[in-house]
Amino acid sequence: MHLKHLNHFRPEISKLLHLIFMAMIISALFFSSCSDPEAMTGDSLHSVKNIPGTAYSILPVKWEIGKYGGIWRDTYSEDPKSYNPFSNLDGTHTIVTGLILDYLFDYDPYSREWRGNIIEDYSVEFDETKDTMELLCTLRSNIFWSDGVQMTSDDVLWWFENIEGDAEIDPVGASGQFITMPDGSREKYRMEKTGKLSFKYIFPRIIGNPLLVVNTGSIIPRHIWEPVLAKGKDAVKAFWGVTTKPEDLIGNGPFLLEENKPGERLVFKRNPNYWMTDARGNKLPYIDKMILSQIPDSNAELLKFQKGETEAYPMRGQDMATLLPESEKGNFTIWNGGPSSGYPALIFNHKKEALSPGRYALFTNPSFKKGISCLIDRETIINQTINGLAEPLYHIISESNKYYNPEFASKYSYNPAEAAGLFEEAGLKEKDREGYFIDSEGNTVAFDILTSSSDPVLHDYLNIIITDMKKAGIKANLTVADFNVIVQKLLYTGEWECYLASFSFPTFPEQWYNIWLSSGNLHYWNPSQETPALEWEKKIDKLYNALIYTFRDDKIREYYDDFQKTLIDEMVIIPIFRKYTFSAFRNKWGNINWGFGYSAGDGYRRVYLKEEE
């Protein structure tokens, strides 16, 4: 299923830490860009925030009272290899588990607040003098597994201790149950049952975001899984395989699996025991079924939507010129989801032993990097290579973060004259015969911009940057290397100079621990340091720990302001742009309200059929 249509913004630290580690290698190392067509011109050229003929969600979202019925037809690209929530085969099990299992908490990226999901009530108690913290939770009384058995605190506690807490069964989840102590040791947080529906988490020290740490969507019914565990851990890891009968997948989510025909389709039906209701007390979801067809090719997926065979289509940039003129006749609406969380950015190597003294002095100099930022003509790049469907980017903290402060955005937009002054501040005052700057060692300032992508669009906008650098006296070359070669260069040998990386906006600092901490294995500038080499790294390390282990709102805001300001002052990352996200939905469905960070119809729970086409 398309994650941009389905998934709620439901971060959970135990899974995220593993996904971040893997995804950063795939995403941050291998930046790719959808191939967009030639720029739209004339009447079609408008602000990306408000393109005529498109819709966007108005906040706060107001949900209509729907009606029951209808079949939602959609697509997915790859068959799940397991239904097991703890499967290490790959992430395809979430196609199923994301619909049949529910989360403890939700985070609203627009209100920037946590809220209970299957947790009805919660509170946090902490004592700063003793450095202790407890998170007290109460389940809703109307949470029932799909076989009719009530979900209780026994389910949560048994799962926590016997499944997630077992490193052989769930190595990622088990590691997420540990908190780093002030002395560097790791201590496990505990869980206690306090009542039939209530329980509490007991942390060995105060942490900044306890809900993020404990949040999960993989709690399974004890009465189903406990007999399996009695047969051994291997039995648990093999349970809920793809040959399991759909009716045996007992969940508490809005939908239940009804059929899996590998290579062809997945069919889900509404869960009649689902806990959530609308404003009038009607049980959700409204729709009867979801039928997902396997379509691994984006072009075939587009054609299927154009034929009216699916209800939605997650658009690529190149699809706007095709679909927008068809929307009225095709009776569908293109929704503008706003800017995505991913963005390309230039970074420079800070590994001293891998660089000449002149290069090291230059690449670690904030004035030099600010000058480079002033040579990036973001507006031209967006209009000429990305169909205008993006916006310039000058900050590196997510707006979904409640401590995001727009004051700490980079002011270094395209300005060649300002770049010249910044380069002079960085010690670049002389040029060679070809007009390129000379560094402190008398060498021409020249470097390769490394990328693994062969996408011509990406090459087009990098060449725009390279051309403007050349005019200013900086010699840069585009170098395309094999993905595995780049991994070795970035994470091990340090044999690189400048890299076009793909970053994303983490909402919480815990989600980027291995990027920002100098000891992090994905701290690309100089990874896995025993002690931080640069002053900004020392400061960020200190701030990072303060952010993670502080609960007082005023202190967190103070630390976050300093965190944002430091990264911008040092120009650690030079962000370029971020694309806007678009999806097409058929007009016969109500309560779509789709946006980036918000799934369609509140996870399809509130989508309803208004009328047949």
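You'll find the structure just up there.
Keep in mind that this is a model prediction, so the values were computed, not measured.

A. Focus on the overall build of the protein. What the protein contains, in helices and strands, is 20 helices and 24 strands. For the protein, whose C-alpha radius of gyration is 26 Å, the value lies close to the compact-globule estimate of 25 Å for 613 residues. Reported as C-alpha extents along the three principal axes, the dimensions of the protein are approximately 80 × 65 × 40 Å. Burial statistics for the protein: of 613 residues in total, 56% are counted as buried. Counting only carbon and sulfur atoms, one obtains 49% of the accessible surface of the protein, whose full area is about 25,300 Å². Side-chain charges in the protein split into 64 positive and 84 negative, and the spacing between the mean points of these groups amounts to 2 Å.

B. Representation of the side chain of Asp166 within the structure. The residue Asp166 is located in the loop between helix 4 (153-164) and helix 5 (171-175) in this model. Looking at Asp166, the relative accessible area reads 13%, which means it is buried. Only 2.9 Å separates the side chain of Asp166 from the side chain of Lys233, close enough to count as a polar contact. Asp166 has contacts with Glu161, Pro171, Ala174 and Lys233, leaving out every residue within four places of it along the chain.

C. Representation of the sheet that holds strand 6 (residues 132-139) within the structure. Sheet architecture is open: four strands sit in the order 5-6-10-9, paired in antiparallel fashion. Single-partner strands in this sheet number two, and they are strand 5 (119-127) and strand 9 (190-193). Each strand axis lies, on average, 20° off the axis of its neighbour in the sheet, ignoring direction. Here strand 6 pairs with strand 10 (residues 198-203) via six bridges, running antiparallel. Bridge assignment links Leu136 to a residue of strand 10, and that residue is Lys200. Each of strand 6, strand 9 and strand 10 touches helix 4; the most contacted strand, strand 9, lies at about 155° to it.

D. Looking closely at the side chain of Ser153. As for its position among the elements, Ser153 is in helix 4. With residues up to four places along the chain from it excluded, the contact list for Ser153 reads Leu139, Lys193, Gly195, Lys196, Leu197, Ser198 and Phe199.

E. Local environment of helix 13 (residues 366-373). Of all eight residues making up helix 13, seven are buried, and the element is well covered by its neighbours. The opening residue of helix 13, the one whose side-chain oxygen lies 2.9 Å from the backbone nitrogen of Ser367, is Asn365.

F. How the structure looks around the pattern of salt bridges. All chains considered together, the criterion is met by 30 salt bridges. Here Lys233 ties to Glu168 by a salt bridge, and the two come within 3.3 Å at their closest N and O atoms. Of this pair, Lys233 sits in helix 8 (residues 233-238) while Glu168 sits in the loop between helix 4 and helix 5, placing them 65 residues apart in sequence. With its nearest N and O atoms 3.1 Å apart, the salt bridge here joins Lys304 to Glu309. The exposure class assigned to Lys304 is buried, which follows from its relative accessible area of 18%. Taken together, the shared-partner salt bridges in this structure form one network comprising Glu259, Lys261, Glu264 and Arg265.

G. Layout of the sheet that holds strand 19 (residues 475-480). With respect to topology, five strands assemble into an open sheet ordered 19-18-20-16-21, the strand pairing being mixed. What marks the edges here is a single partner per strand, and that holds for strand 19 and strand 21 (574-575). Of the pairings in the sheet, the one linking strand 18 (residues 446-451) to strand 19 comprises six bridges and is parallel in character. Looking across to strand 19, one finds that Ile449 is bridged to Leu478. Relative to the sheet, helix 13 contacts strand 16 (342-348), strand 18 and strand 21, its axis offset from that of strand 16 by approximately 135°.

Definitions and cut-offs
Residues numbered from 1 in each chain as written. Predicted model: local features only at pLDDT ≥ 70, side-chain atom pairs only at ≥ 80, totals over all residues. Heavy atoms only, no water. Helix = DSSP H or I, 4+ residues; strand = E, 2+ residues; numbered from the N terminus. Rg over C-alpha atoms; globule rule 2.2 N^0.38 Å. Buried < 20%, exposed > 50% of the residue type's maximum accessible area, 1.4 Å probe, protein only. Areas by Shrake-Rupley, 256 points an atom, 1.4 Å probe, with all protein chains shown as cover. Lys, Arg positive; Asp, Glu negative; His and termini not counted. Charge placed at Lys NZ, Arg CZ, Asp CG, Glu CD. Polar contact = N/O pair within 3.5 Å; in protein donor to acceptor, adjacent residues only side chain to side chain. Contact = heavy atoms within 4.5 Å. Pairing = 2+ DSSP bridges. Axes fitted to C-alpha atoms, helices over the stretch in contact; angles between N-to-C directions. Salt bridge = Lys/Arg side-chain N within 4 Å of Asp/Glu carboxyl O.

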